[in-house]
Amino acid sequence: GDTPTCRIGVERAANPGDINWTELGIPPAVKYKRLAKTNLAMGIVILITFFAVYGLNKLADWATDQKESRKGNQNESAGFQALAFLPAVLVMLMNMALQICARTLGQYEFHETKTEEMYAQATKMCVGMILNTAGVLLFLNTQPKEWYYAGGLIENTGTMLLTNALIPPFIPLLDIKYYMNFRKRQKKLTDEKLAKINEVLSRAQRAQSPDPALQKEVEQVKNQIRVIQQQAFAPSEMDSPRRYADALKTTFCCIFFSPVMPFVSFLGFIGMVLQYATDKYGLLRVYKRSAGPMNSCMAMFSMRIIKKFAPLALAIAIFIFLTPSWKDKEIVISSFISAIVIAAVNVFLPLALLGRCLQRCYSGKEAGEMDYYQAQYMWAKEMKYHKDHFLYAKMPDTVNPEYLTPGKSAAVKASDVKASYGSATQSAASVAEIGSVGQATALRGGQVVSAFSVGDDVAADGPRPSVYGVASSSGG
């Protein structure tokens, strides 16, 4: 008809707890400028580490040659053997430095959600580790005649992929940061400090009238207990960007080298199974609950990366590795062109279109929709937008009720928002100091220490007792 229409694109909103409220509304020009700076810095770091790893591999090859040429001299042979292992240690340290740089630069960028921030960190880590492993090995053995010799591309790549498939999945289970806090636990929790804490809490319990000096001392003790819980006894959070980067690195390296070494596909499968098992065990038994609720966005992002670039990487690998070894070059070239066309179609084919086709083929009975006013009783407080924002979260339920009622306005006045400035600022300062406020502290082995705020009543026997089982945000 004559009525103009405009199509509006709608996408799912980010989950509460996943939003970087302070970075919303940043102009796109400022975002892109900061993104260009961080990517340039990461590119320089990757370039430096790439040639450093290249030089270290050359040093390892030289040490191996010297060891073979001086077998008669045991002392010199042992020295060159030790020198051959030194580059591997330094490469591992440089990969750790790459991960630190990627995490720091990802935090420096502007992202509307924490998941987007993890995207950036995982992508930078993945690109850096792939170039420092597969890229360096291919750069060292550019000539086809160097691929099949002892110590050539095939042998070094097989060793590298075998090591990366079997060892890295188990390293995060050690939770090195937790064990590094051993000295901090010894320093922060001594018998003298325990006696002091119990003495202050006992005096507060026996006090008959309010004493401002004693209340201030009790607040200091509570903050001290909270710091000990969070910094000394709580395990680390699961490093999701690092785990996704490791999985993507293993996947792409195995796909790229599979035309020249088909057995690496099996190594990649073993590596993925081991990483899945260790990640699940660590998530349930080793790491503490993450500060914000996790969602499926990181998994979907990784799946899109594999969908778009894995077929393209395989097509390029077939051309690079099979062309020198194939007698009839036209067969390889025609296969390469076909693979490139299929990869290009796969890049531009939306996942939503494939999902609709599968949905029509395997469609089942659709579940009835649940109204928001019913669904809100199934969600925790931190899973609601009006209780997640750092200003609204500090308002009392009389002003900002947790549960909304149909037909009743829950709009917040500007004066109420201004009244929460002080508590929100104090909470942000506490988070910057100790990591989290008002949350239960999950210890290793399933023990959970309930959190208390500064205004809580002091129990007769000091802090609240520990509870066992699933971590809960409510006191136990």
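Rules behind the numbers
- Chains are numbered independently. Their residues run from 1 in the order of the written sequence.
- In view of the model being predicted, local features appear only for residues whose pLDDT reaches at least 70, and side-chain atom pairs are presented and counted only at 80 or more, with totals across whole chains, interfaces and linings using the full set of residues.
- Values reported for side chains reflect all heavy atoms of the structure, with hydrogen atoms and water molecules removed beforehand.
- Note on definitions: angles span 0 to 180 degrees between N-to-C directions of axes, and those axes are lines fitted to C-alpha atoms, for helices only across the stretch in contact.
- A helix here means a DSSP run of H or I that spans at least four residues, while a strand means a run of E at least two residues long, and both kinds are numbered starting from the N terminus.
- Here roughly perpendicular refers to angles of 65 to 115 degrees, roughly parallel to angles under 35, roughly antiparallel to angles over 145, and oblique to all remaining angles.
- What makes a crossing left-handed is the near helix being turned counterclockwise from the far one by less than a right angle; a clockwise turn instead makes it right-handed.
- It only takes one pair of heavy atoms within 4.5 Å for two residues to be counted as in contact.
- For this scheme, ten residues count as nonpolar: Ala, Val, Leu, Ile, Met, Phe, Trp, Tyr, Cys and Pro. Four count as charged, namely Asp, Glu, Lys and Arg, and the remainder, Gly too, count as polar.
- Only Phe, Tyr and Trp rings take part, Trp by its six-membered ring, and two of them pair if their centres are within 6.5 Å. Stacked means planes under 30 degrees apart, edge-to-face means over 60, and tilted covers everything else.
- Each ring is checked for a lysine NZ or an arginine CZ that lies within 6 Å of its centre and within 35 degrees of its normal; such an atom marks a charge sitting over the ring.
- Whenever Lys or Arg places a side-chain nitrogen within 4 Å of a carboxyl oxygen from Asp or Glu, that contact is recorded as a salt bridge.
- The buried label goes to any residue with under 20% of its type's maximum accessible area, the exposed label to any with over 50%, and the partly exposed label to all in between, with areas taken from a 1.4 Å probe on protein chains only.
- Patch definition: residues with relative accessible area over 30% and no salt bridge; like charges joined within 9 Å; nonpolar side chains (Val, Leu, Ile, Met, Phe, Trp, Tyr) joined within 5 Å.
- Note that accessible areas follow from Shrake-Rupley with a 1.4 Å probe, and for residues the cover is restricted to the protein chains shown.
- Expected span of a helix, by definition, is 1.5 Å for each gap between consecutive residues, and there is one gap fewer than residues.
- To be clear, the arc concerns the directions from the helix axis to the C-beta atoms.

1. Remarks on the packing of helix H4 (residues 153-166) against helix H10 (residues 264-286)
Angle between the axes and distance between the axes: these two values describe a pair of packed helices.
Here is step 1: One can describe the packing of H4 onto H10 by two numbers: an axis separation of 8 Å at closest approach and a directional angle of 20 degrees. Viewed along their axes, H4 and H10 adopt a mutual orientation that is roughly parallel. Where H4 crosses over H10, the two elements pack in a sense that is left-handed. Facing Gly158, Leu161, Leu162, Ala165 and Leu166 of H4, the residues of H10 in contact are Val264, Leu267, Ile270, Gly271 and Leu274.
Here is step 2: For the contact of H4 with H10, a count of residues per class yields eight nonpolar, two polar and no charged.

2. Notes on the packing of aromatic side chains
Each aromatic ring pair is described using two quantities: the centre-to-centre distance and the angle formed by the ring planes.
Here is step 1: In the structure shown here, the tally under the stated rule is ten aromatic pairs.
Here is step 2: Centre to centre, the rings of Phe319 and Phe336 are 4.7 Å apart; their planes meet at 35 degrees, and the pair counts as tilted. Pair noted here: Phe319 is in helix H11 (residues 297-322) and Phe336 is in helix H12 (residues 329-348), with a separation of 17 residues, a long-range link.
Here is step 3: Directly above the aromatic system of Tyr108 lies the positively charged group of Arg34, at a separation of 4.0 Å from the ring centroid.

3. A closer look at the pattern of salt bridges
Here is step 1: Applying the stated rule across the entire model yields eleven salt bridges.
Here is step 2: We note a salt bridge from Glu217 to Lys196, for which the minimum N-O separation is 3.4 Å. Placement of Glu217 in helix H8 (residues 212-233) and of Lys196 in helix H7 (residues 191-206) is noted, with a sequence separation of 21 residues between them.
Here is step 3: A salt bridge links Lys387 to Asp397; its shortest N-O distance comes to 2.8 Å. Remark: Asp397 occurs in the loop between helix H15 (385-388) and helix H16 (414-419) and Lys387 occurs in helix H15; sequence separation between them is ten residues.
Here is step 4: On the accessibility criterion, Asp397 (42% relative accessible area) is partly exposed.

4. Comments concerning a nonpolar patch on the surface
Here is step 1: A cluster of nonpolar side chains, namely Phe309, Leu312, Ile316, Phe319, Ile320, Ile333, Ile337, Val341, Val345, Leu349 and Leu353, defines an oily patch on the protein surface of about 870 Å² accessible area.
Here is step 2: The set of elements that each furnish at least two residues to the nonpolar patch consists of H11 and H12.
Here is step 3: The element contributing the most residues to the nonpolar patch is H11, with five residues.
Here is step 4: In this structure, Ile320 sits in helix H11.

5. Quick notes on helix H9 (residues 240-257)
Here is step 1: Taking 1.5 Å per residue as the helical rise, H9 with its 18 residues ought to reach 26 Å, and the 26 Å between its terminal C-alpha atoms agrees with that figure.
Here is step 2: Counting buried positions along H9 gives 15 out of 18 residues, so the element sits mostly inside the fold.

6. Observations concerning H4
The α-helix advances 3.6 residues per turn, and as a result positions three or four apart in sequence lie on the same side.
Here is step 1: The end-to-end C-alpha separation of H4 is 20 Å, in line with the 20 Å expected for 14 residues at 1.5 Å each.
Here is step 2: Among the residues of H4, Leu153, Thr157, Gly158, Met160, Leu161, Asn164 and Ala165 are the ones counted as buried. Along the long axis of H4, the arc covered by the buried residues comes to 165 degrees, so they all point the same way.
Here is step 3: The inward-facing, buried residues of H4 contact helix H3 (114-140), H9, H10 and H11.

7. What to know about the side chain of Ser236
Here is step 1: Note that Ser236 resides in the loop between H8 and H9.
Here is step 2: Given the relative accessible area of 15%, Ser236 is considered buried.
Here is step 3: Once residues within four sequence positions are removed from consideration, Ser236 is found in contact with Asp175, Lys177, Tyr178, Tyr287 and Lys288.

8. Topic: the packing of H3 against H4
Here is step 1: Packing of H3 against H4 leaves a shortest axis separation of 10 Å and a crossing angle of 170 degrees. Of the possible angle classes, the one that applies to H3 and H4 is roughly antiparallel. In this structure, H3 contributes Thr133, Ala134, Leu137 and Leu138 to the contact, and H4 contributes Leu153, Asn156, Thr157 and Met160.
Here is step 2: Among the residues forming the contact of H3 with H4, the class breakdown is five nonpolar, three polar and no charged.

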